[in-house]
Amino acid sequence: MNTLPTDRKTGIPCPDCGTLIPVTIADLLGPSGNFICSCCGRMLTLMRRESAQALGELQKVQEAQQRLDRQSHVNL
């Protein structure tokens, strides 16, 4: 079974300087939609309408993760 490392940082590389802008699924689904590079200050804005299908899929992923978290707490 292939597993992804759980300590791997998630994010978006800044298009200007390449620094990883930390972004989680919760951040993408949250109300802001603005992400700022801590290195150069570049602001990225999520285009929600154009990304609606991908955001819908991310919502499903987040819900599945939450179900797994609840199950793992119950089974302890």
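Criteria and cut-off values
- Residues numbered from 1 in each chain as written.
- Predicted model: local features only at pLDDT ≥ 70, side-chain atom pairs only at ≥ 80, totals over all residues.
- Heavy atoms only, no water.
- Core = buried A, V, L, I, M, F, W, Y, C linked by side-chain atoms within 4.5 Å.
- Buried < 20%, exposed > 50% of the residue type's maximum accessible area, 1.4 Å probe, protein only.
- Contact = heavy atoms within 4.5 Å.
- Helix = DSSP H or I, 4+ residues; strand = E, 2+ residues; numbered from the N terminus.
- Salt bridge = Lys/Arg side-chain N within 4 Å of Asp/Glu carboxyl O.

Caption draft 1: How the structure looks around the nonpolar core. With eight residues, the main nonpolar core is built from Cys14, Ile21, Val23, Leu28, Phe35, Cys37, Leu44 and Leu55. Other than its neighbours up to four places away in sequence, valine 23 contacts Thr10, Gly11, Ile12, Leu28 and Phe35.

Caption draft 2: A look at the side chain of glutamine 62. With respect to the helices and strands, glutamine 62 occurs in helix α2 (residues 52-74). For glutamine 62, a relative accessible area of 17% puts it in the buried group. With residues near it in sequence (within four places) discarded, glutamine 62 still touches Ile25, Ala26 and Leu29.

Caption draft 3: Local environment of the pattern of salt bridges. Under the defined criterion, the tally for this structure stands at two salt bridges. In this structure, aspartate 16 engages arginine 42 in a salt bridge whose closest nitrogen and oxygen atoms are separated by 3.6 Å. With a gap of 26 residues between them, aspartate 16 in the loop between β1 (11-13) and β2 (20-22) and arginine 42 in the loop between β3 (34-36) and β4 (43-45) connect regions that are remote in the sequence. For aspartate 16, a relative accessible area of 52% puts it in the exposed group. On the basis of relative accessibility, which here comes to 36%, the residue arginine 42 falls in the partly exposed class. Note that lysine 60 is salt-bridged to glutamate 57, the shortest N-O span being 3.3 Å. Taken together, the positions of lysine 60 and glutamate 57, both in helix α2 and three residues apart, correspond to about one turn of that helix. By relative accessible area, which is 49% here, lysine 60 ends up partly exposed.

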